[in-house]
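Understanding the architecture of this molecule
Listed below, chain by chain, are the residues.
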Amino acid sequence: AKGGAPGFKAAILGAAPSMLMKMNPLVSVLQLFDVVNSRGVTTDISHMDTGAVVRGFLGQPQLESALTGMDPVIIPAGVPRKPVMTRDDLFNINAGIVRTLCEGIAKGCPNAVVNLISNPVNSTVPIAAEVFNKAGTYDLKRLLGVTMLDVVRANTFVAEVLGVDPRVVDAPVVGGHLGVTILPLLSQVKPPCTFTPRETEYLTNRIQNGGTEVVEAKAGAVSATLSMAYAAVKFADAYLRGLRGDAGVECAFVASQVTELPLFATMVRLGCTGAQEVYLLGPLSEYERIGLQKAKKELAGSIQKGISFNKK
């Protein structure tokens with residue numbers, strides 16, 4: 001297929017958000033890589049009458065071909081969390097997958113902006129950073145841990161409490177992407193509003209445990225897939241608009257000097273080179289300052305776990 005629409009070339013490693021990316025008018029070529037069934041998914045969504053041409057790639061031998069010339073690369077690949085899985089179980093499976101995929105990126109498209117979704121993000125992003133650093137291709141602005149699902153949940157849950165449309169809510173979420181490392185800044189919600197201590201506690205706990213809520217509701221099937229795909233594509237769209245020249249601001253887990261940690265989720269300005277500017281946290285409430293200390297303590301261990309994995 002020659003392709004009929006102008007736009008960007010995007011690769012998805014693990015095809016979960018593929019249908020929504022096929023619908024994005026900013027995408028002209030969509031290359032899907034997976035270790036199973038990429039041909040079936042590719043054929044299925046290729047029948048959709050949107051502008052992007054879809055190509056499928058299957059298995060390790062085709063990884064480099066899937067990546068050549070791509071920008072961005074979206075990585076949701078890996079095993080979703082199940083109720084019986086510990087954090088260590090999830091890490092041990094997905095860490096090796098992420099390392100292999102990032103080695104392919106370093107060869108096939110070293111200048112691509114990587115949107116890394118594979119959990120646990122707090123540990124997989126430092127794994128990716130170490131792989132790129134070893135290959136001599138690491139650009140800290142081009143590695144983005146996607147925490148958009150936390151923001152999407154925050155917007156939704158805040159809107160429910162306020163009784164408004166979630167699309168008018170902007171609720172920043174900083175820190176990381178697991179448990180207490182997820183820190184919603186409810187004092188900075190837009191439009192400006194106030195919450196009682198009880199509402200603050202309720203919202204913070206629900207946002208931090210949104211993944212568990214889905215796992216339990218699915219009765220042991222898998223964790224969030226549909227909302228994850230939505231959040232992944234929402235973030236990718238923001239980056240593609242930045243690549244086009246329409247800079248936007250979103251939360252992401254990136255290399256940072258906002259705290260003493262090497263990586264931290266905060267508001268970033270997305271542009272043609274990825275995270276063009278990383279913003280400070282701004283004024284925090286007392287509740288948020290206490291939460292920040294808890295988040296940093298937990299996050300430090302998760303980051304070190306990812307760094308140590310590459311030394312095995």
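Nothing here was measured: the structure is a model prediction, and the numbers come from that model.

1. Focus: the overall build of the chain
- In terms of helices and strands, the chain carries 10 helices and 11 strands.
- Relative to a compact globule of 312 residues, whose C-alpha radius of gyration would be 20 Å, the chain shows 19 Å and is just as compact.
- Along the longest, intermediate and shortest principal axes, the C-alpha atoms of the chain span 55 × 45 × 40 Å.
- Of the contacts formed within the chain by residues at least 6 apart in sequence, a portion of 65% connects residues at least 24 apart.

2. Describing the packing of aromatic side chains
- Applying the stated criterion to the full structure yields one aromatic pair.
- Ring plane angle 85° and centroid distance 5.6 Å describe the contact between Phe91 and Phe309, whose orientation is recorded as edge-to-face. Of this pair, Phe91 sits in helix α4 (residues 87–108) while Phe309 is found in helix α10 (residues 286–309), placing the two residues 218 residues apart along the sequence. Comparing Phe91 with Phe309 shows no difference in burial state: the two are buried.
- Sitting over the face of the ring of Phe157, Arg206 holds its NZ or CZ atom 3.8 Å from the ring centroid.

3. A look at a nonpolar patch on the surface
- A contiguous nonpolar patch, built from Leu162, Val164 and Val168 and spanning about 220 Å² of accessible area, is present on the exposed surface.
- Structurally, Val164 is set in the loop between α6 (148–162) and β7 (173–175).
- Accessibility expressed as a relative area gives 37% for Val164, which makes it partly exposed.

4. Quick notes on the pairing of strand β3 (residues 53–58)
- Alignment of strand β2 (residues 27–34) against β3, held across six bridges, turns out to be parallel. Its bridge partner lying in β3, Gln31 is registered against Arg55.
- Each parallel crossover has a hand, and the one from β2 via helix α2 (residues 38–46) to β3 is right-handed.

5. So, the UniProt feature "binding site: substrate" (unreviewed entry) in the chain
- Feature annotation in UniProt assigns "binding site: substrate" (unreviewed entry) to the following positions: Arg81, Arg87, Asn119 and Arg153.
- With respect to the helices, strands and loops of the structure, Arg87 is situated in helix α4.
- Not counting the four nearest positions on each side in its chain, Arg87 is found in contact with Leu178 and Glu298.
- A residue is classified by how much of its surface remains accessible, and Arg153, at 10% relative accessible area, is buried.
- Setting aside residues up to four positions removed in sequence, Arg153 forms contacts with Gly210, Gly211, Val214, Ala224 and Ser227.

6. A short note on the nonpolar core
- Counting residues in each nonpolar core, the largest one holds 50 residues, and the members touching the most others are Met21, Leu30 and Val158.
- Elements supplying a minimum of two residues to this core: β1 (8–13), β2, α6, α7 (197–208), α9 (226–244), β9 (248–255) and β10 (263–271).
- Sorting elements by how many residues they give to this core places α9 first, with 10 residues.
- Counting contributing residues per domain, this core is built from domain 1 (8–146) and domain 2 (147–311), each supplying no fewer than three.
- In contact with Met21, other than residues within four places in its own chain, are Ala10, Ile12, Val27, Leu30, Ile74, Val233, Ala236 and Leu240.
- Counting residues in hydrophobic clusters, the runner-up holds 46 residues, among them Leu63, Cys109, Ala128 and Ala255.

7. Here's the deal with the environment of Val168
- Positionally, Val168 belongs in the loop between α6 and β7.
- The spacing of Val168 and Pro191 is 23 residues in sequence and 7.5 Å in space, taken between C-alpha atoms.
- Setting aside anything within four residues of it in sequence, one finds Val168 in contact with Lys190 and Pro191.

8. Overview of the state of the cysteines
- According to the stated counting rule, one finds zero disulfides in the structure shown.
- As a non-bridged cysteine, Cys102 has Cys109 as the owner of its nearest cysteine sulfur, 9.9 Å distant.
- With no disulfide partner, Cys193 has as its closest neighbouring cysteine sulfur the one in Cys251, 15 Å distant.

9. Re the domain arrangement of the chain
- When cut into domains, the chain gives domain 1 (8–146) and domain 2 (147–311).
- The junction of domain 1 with domain 2 conceals about 3900 Å² of combined surface from both sides, 67% of it contributed by carbon and sulfur atoms.
- Between the two partners, domain 1 and domain 2, sit zero salt bridges.
- Contributions of two or more residues to the side of domain 1 that touches domain 2 are made by α1 (18–22), α4, α5 (121–135) and β6 (143–145).
- Of the residues contributing to the side of domain 1 that touches domain 2, the split by class is 26 nonpolar, seven polar and nine charged.

10. Comments concerning the UniProt feature "active site" (unreviewed entry) in the chain
- UniProt's entry tags His177 with the feature "active site" (unreviewed entry), counted in the numbering of this structure.
- Its location among the elements puts His177 in the loop between β7 and β8 (182–184).
- Residue class for His177 comes out buried when judged on its relative accessible area of 13%.

So, how was this worked out
- Residues numbered from 1 in each chain as written.
- Predicted model: local features only at pLDDT ≥ 70, side-chain atom pairs only at ≥ 80, totals over all residues.
- Heavy atoms only, no water.
- Helix = DSSP H or I, 4+ residues; strand = E, 2+ residues; numbered from the N terminus.
- Rg over C-alpha atoms; globule rule 2.2 N^0.38 Å.
- Contact = heavy atoms within 4.5 Å.
- Phe/Tyr/Trp six-rings, centres within 6.5 Å; stacked < 30°, edge-to-face > 60°.
- Buried < 20%, exposed > 50% of the residue type's maximum accessible area, 1.4 Å probe, protein only.
- Lys NZ or Arg CZ within 6 Å of the ring centre and 35° of its normal.
- Patch = residues over 30% accessible without salt bridge, like charges linked within 9 Å, V, L, I, M, F, W, Y side chains within 5 Å.
- Areas by Shrake-Rupley, 256 points an atom, 1.4 Å probe, with all protein chains shown as cover.
- Salt bridge = Lys/Arg side-chain N within 4 Å of Asp/Glu carboxyl O.
- Pairing = 2+ DSSP bridges.
- Right-handed = clockwise from strand over helix to strand, strands pointing away.
- UniProt positions renumbered as here; feature names shortened; annotations may be inferred.
- Core = buried A, V, L, I, M, F, W, Y, C linked by side-chain atoms within 4.5 Å.
- Domains from an automatic or database assignment.
- Disulfide = S-S within 2.5 Å.
- Buried area = accessible area lost by both parts, 1.4 Å probe.
- Nonpolar A, V, L, I, M, F, W, Y, C, P; charged D, E, K, R; others polar.

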